[in-house]
Protein chains: 2
Amino acid sequence: MFNFKIHKELPNGLGRVGTISTPHGDIETPTFVVVGTKGTVKSLTPEQIKEAGAQIVLANTYHLYLEPGDEMVKKMGGLHKMMNWNGPIMTDSGGFQTFSLGVAYKYGISKFIAASVPPIEMVEEAYDKLRQNKKAKVTEDGVEFQSIIDGSKHFLSPEKSVEIQHNLGADIIFAFDECTSPHAGYEYLKQSMERTHRWAKRSLDCHSRILENMRMAGPAIFGIVQGGRDESLRKESARYISSLSFDGFGIGGSFEKEDMEKAVGWVNKILPKEKPRHLLGIGEPSDLFMAVEKGCDLFDCVSPTRIARNGGIYTKDGQINVTNKKYREDLQPLDPGCKCYTCQNFSRSYITHLFRTKEILAYTLSSIHNIYFITNIVSRMRETILSGNFENYKKEFLGRYYKN
Amino acid sequence: MFNFKIHKELPNGLGRVGTISTPHGDIETPTFVVVGTKGTVKSLTPEQIKEAGAQIVLANTYHLYLEPGDEMVKKMGGLHKMMNWNGPIMTDSGGFQTFSLGVAYKYGISKFIAASVPPIEMVEEAYDKLRQNKKAKVTEDGVEFQSIIDGSKHFLSPEKSVEIQHNLGADIIFAFDECTSPHAGYEYLKQSMERTHRWAKRSLDCHSRILENMRMAGPAIFGIVQGGRDESLRKESARYISSLSFDGFGIGGSFEKEDMEKAVGWVNKILPKEKPRHLLGIGEPSDLFMAVEKGCDLFDCVSPTRIARNGGIYTKDGQINVTNKKYREDLQPLDPGCKCYTCQNFSRSYITHLFRTKEILAYTLSSIHNIYFITNIVSRMRETILSGNFENYKKEFLGRYYKN
């Protein structure tokens, strides 16, 4: 059932337009994958998700394993039935939580190195220290997690992650990996990457065993390339992961923001062209243009909905915060000219009122707009690759969006 | 533009089926009016409100006056345009806040006397004491309110309330009144009622002056009958208010729960048959059957949406709380057999999961169901009055709903 076709490529680059076929329908790529961590895209019904332009939703293994439990999701008929989302679904493997609940937990460390990050020496000793007393501890066998709900202990191994994902019933699942911190030094990166490779093989073996016992077509599985910001490790990882019989690939881990383009380039020149590539956790407009140009087909990020719930709104002229006093009397839509449901029907003034009075509809309307905005720019990238105008569209969009 | 037609009456009672025509469409009565206090029915889009069966929405003068301000709502093109709700809208007058922010403030006093109410002597002295240091102080001229947002002081008079409501732009507005506490003694009830009568006249006069200066057809205005639980006062109030040229009537104030039926009967036997009657703040299913039977055409209440946000779900077999552990594995819809969007598409198990993980979609899905449930039983009452089966339907519904 799973299949990827490339329709057109960028003349000077790795970018391409394609279609991924899944048991729950086609995904026209490149496209932005909307995040529904706990089996719901926060504040939206499935109809609203779809109307906002989402083709595919990503749910989270770790969170759904804890609540309501993967066995319970299976009893409910799987994620599609549970959420009443009939389009394609992917689940991540829980590997990102080895980072977010591990070294990053309560340190506010982003997967990007940024000015706001606490200054931590990038040496193994400091990094090891940071790993103590965290909610996730990594061993060769897997990761011991402490529940963020009740503190109870849980163990995720590659096999456990794949079994959970089969219970959840997504169309595309991911191998279990360790997402490393941007602060990790070379030695840790190398050890971690090698372990992630062993986990990739174990994930794939477990997946194959389960598929053999299934009657129906099972999900596709993507392997994850790691290696941090190190060129030799990234390339080694891309070579090893692509040597395994995965249906597609994720590019995971952390980058120095400026180096992400280089790292994606190193990896995508090695990954086999004929399989889809998902750049994990990326949602900033400039990054999306870069990623598409460098040959990524899928991207996911909580940003569009998370910033929406805080009043952060994407517009063609850059991001605004609609809770700002100056929008109280602004009768324009969130982004003038936008064709989304929210912009067609409501004013900045009303949405500011909803935020100021903490009305739930504020979150719904803003999330709809931001998802529409992001999925729409990616689908415009698709159109302009097909029509040969990608460069112009990129220049025009980025010039306006980042003008101020 | 405003018009009320009666199509059929109950053979042994005051109940009737009618149609109210407004500038924003017809209202088939009896019907339940959905509450959207701050210009939004909490957690729902206008399309969801409509799909759930609501014909008309009620917004709140006091809250909208404070935020975003009635002048601002007017700049936004009025409530209909602001909310993007094209059906009929009514606004209450702020009179209920003379009670909720007055004597009831922080005492948890309901408009109904119930076992849970703190035992307060029902004598004028105790009542007067209770009125000190409250957020609303009543004088002959009007009510001084303290803002619940920033503590600033505001004054609502009958004239001010009517002007605000004209700015808000509803189809039906209410005269300014004082909603008294069920704990008020006869003397206070009488004084307050007489003042409410003077305020009714002032509201109507102000409304007429504004209409004379308008080019377009203005809103209809309903007068409010008060008088608490006292038979002579209720009857006096019904006689006086119906002597003024209001377009319809509200029945306000507080009741002893068991006496509400009697009180509604006293009033509706006096109010002119040819004008619509709105029983303010009523939403419990048994009360709705009573009110329809006793000749009320409209009712509003925050209950269906408020209890929904706490997991309280109406079912044909009574109210349940879906956050209860026993529903975690329950694959049935909230109310088996229900035709609402939520019940057609989601299970109790999923909705329990959404509540347990504090997901916003829980509130949306539960609110849709409860609004559907309540509007639907009232429209079934309408159908069964027309078909001559009201008594059977009432017996069947109440027998099952209150069985446990």
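Small disclaimer: the values here were computed from a predicted structure and weren't measured.

Participant: Quick question: what am I supposed to make of the overall build of chain A here?
Facilitator: What chain A contains, in helices and strands, is 16 helices and 18 strands. For chain A, whose C-alpha radius of gyration is 21 Å, the value lies close to the compact-globule estimate of 22 Å for 404 residues. Once the C-alpha set of chain A is aligned to its principal axes, its extents read approximately 60 × 50 × 50 Å. A total of 404 residues make up chain A; the buried ones form 53% of that total. Looking at chain A alone, contacts between residues at least 24 apart form 69% of all its contacts between residues at least 6 apart.

Participant: Hey, could you run me through unusual backbone geometry in this one?
Facilitator: Of all residues except glycine, most have a negative phi; of all peptide bonds, most are trans. Here Thr29(A) and Pro30(A) are connected by a cis peptide whose omega angle stands at 0°. Counting through the fold element by element, Pro30(A) comes out in the loop between strand E3 (25-29) and strand E4 (31-35). Despite not being glycine, Lys358(B) has its phi angle at roughly 55°, a positive value. Relative to the helices and strands, Lys358(B) resides in the loop between helix H14 (348-356) and helix H15 (360-387).

Participant: For this particular structure, what's the right way to read the sheet that holds strand E8 (residues 136-138) of chain A?
Facilitator: Pairing between the strands of a sheet is mediated by backbone hydrogen bonds and can be parallel or antiparallel. Residues and elements named next belong to chain A. If you trace the 3 strands from one edge of the open sheet to the other, you get E8-E9-E10, paired in antiparallel fashion. Bordering the open sheet on either side are E8 and strand E10 (153-156), each of which pairs with just one other strand. Mean inter-strand twist for the sheet, computed between neighbouring axes without regard to direction, equals 20°. Across 3 bridges, the pairing between E8 and strand E9 (residues 143-146) is antiparallel.

Participant: When you look at the UniProt feature "binding site: Zn(2+)" (unreviewed entry) in chain A in this model, what are you seeing that I'm missing?
Facilitator: Residue and element names in this part refer to chain A. According to UniProt, the feature "binding site: Zn(2+)" (unreviewed entry) maps to Cys338, Cys340, Cys343 and His369 in the numbering used here. Spanning 32 residues, the named residues nonetheless gather at one spot, since no C-alpha pair among them exceeds 8.5 Å. Looking at the secondary structure, you find Cys338 in the loop between strand E18 (318-321) and helix H13 (341-345). The partly exposed category is assigned to Cys338, around which 19 C-beta atoms lie within 10 Å. Excluding its chain neighbours within four sequence positions, the residues that come into contact with Cys338 are Pro333, Cys343, His369 and Phe373. As for its placement among the helices and strands, Cys340 is situated in the loop between E18 and H13. By the C-beta count within 10 Å, which is 22 here, Cys340 ends up buried.

Participant: How should the interface of chain A and chain B be read in this particular structure?
Facilitator: It is common to give the size of an interface as the accessible area that goes away when the parts come together. Chain A puts 30 residues into the contact, and the matching count from chain B is 30 residues. Breaking the side of chain A that touches chain B down by element, the ones donating at least two residues are helix H3 (70-75), helix H14 (348-356) and helix H15 (361-387) of chain A. With 5 residues, H14(A) is the single largest residue contributor to the side of chain A that touches chain B. Of the residues in the side of chain A that touches chain B, the class split is 11 nonpolar, 11 polar and 8 charged.

Participant: Which parts of the structure should I look at to understand the nonpolar core?
Facilitator: Within soluble globular proteins, side chains that are nonpolar tend to cluster in buried spots. Residues Val57(A), Phe299(A), Val57(B) and Phe299(B) are the most contacted members of the largest nonpolar core, which totals 202 residues. Top element by residues in this core is H15(B). It accounts for 14 residues. Excluding residues within four positions of it along the chain, Val57(A) makes contact with Val34(A), Gly36(A), Val41(A), Ile49(A), Trp85(A) and Ile89(A).

Participant: Please clarify how the sheet that holds strand E11 (residues 220-225) of chain B should be interpreted in this entry.
Facilitator: Within the closed barrel, the 8 strands sit side by side as E4-E5-E6-E10-E11-E12-E13-E14 (chain B). Their pairing is parallel. Strand-to-strand twist in this sheet, taken as the mean axis angle between neighbours without regard to direction, amounts to 30°.

Participant: What is the right way to read the packing of helix H8 (residues 186-213) of chain B against helix H9 (residues 231-243) of chain B from this model?
Facilitator: In a packed pair of helices, the relevant descriptors are the angle between the two axes and the axis-to-axis distance. Residues and elements named next belong to chain B. Taken N-terminus to C-terminus, the directions of H8 and H9 make an angle of 10°; their axes are 11 Å apart at the nearest point. Classed by the angle they form, the pair H8 and H9 counts as roughly parallel. For the pair formed by H8 and H9, the contact residues are Leu189, Lys190, Met193, His197 and Ala200 on the first element and Leu233, Ser237, Tyr240 and Ile241 on the second. When its residues are assigned to classes, the contact of H8 with H9 shows 6 nonpolar, 2 polar and 1 charged.

Participant: Looking at this model, I keep getting lost on the relation of the copies chain A and chain B. Mind explaining?
Facilitator: The pair of chain copies shares a relation made of a rotation about an axis and a shift along it. Overlaying chain A on chain B yields an RMSD of 0.0 Å, the required transformation being a rotation through 180° with an accompanying axial translation of 0.0 Å. The operation mapping one copy onto its partner corresponds to a two-fold rotation axis. When C-alpha positions in chain A are compared against the rotation axis, the closest is assigned to Ile360(A), at 3.8 Å.

Participant: What should I look at first to understand the environment of Phe397(B) in this one?
Facilitator: Residues and elements named next belong to chain B. Mapped onto the elements of the fold, Phe397 is located in helix H16 (residues 390-401). According to the C-beta neighbour criterion, Phe397 is partly exposed, with 19 such atoms within 10 Å. Sequence-wise, Phe397 and Asp317 are 80 residues apart; in three dimensions their C-alpha atoms are separated by 8.8 Å.

Conventions adopted
Residues numbered from 1 in each chain as written. Chains lettered and ligands numbered in written order. Predicted model: local features only at pLDDT ≥ 70, side-chain atom pairs only at ≥ 80, totals over all residues. Helix = DSSP H or I, 4+ residues; strand = E, 2+ residues; numbered from the N terminus. Rg over C-alpha atoms; globule rule 2.2 N^0.38 Å. Buried ≥ 20, exposed ≤ 12 C-beta atoms within 10 Å, placed from the backbone. Contact = placed C-beta atoms within 7 Å. Pairing = 2+ DSSP bridges. Axes fitted to C-alpha atoms, helices over the stretch in contact; angles between N-to-C directions. UniProt positions renumbered as here; feature names shortened; annotations may be inferred. Nonpolar A, V, L, I, M, F, W, Y, C, P; charged D, E, K, R; others polar. Core = buried A, V, L, I, M, F, W, Y, C linked by C-beta atoms within 7 Å. Parallel < 35°, antiparallel > 145°, perpendicular 65-115°, else oblique. Least-squares fit on C-alpha atoms with pLDDT ≥ 70 in both.

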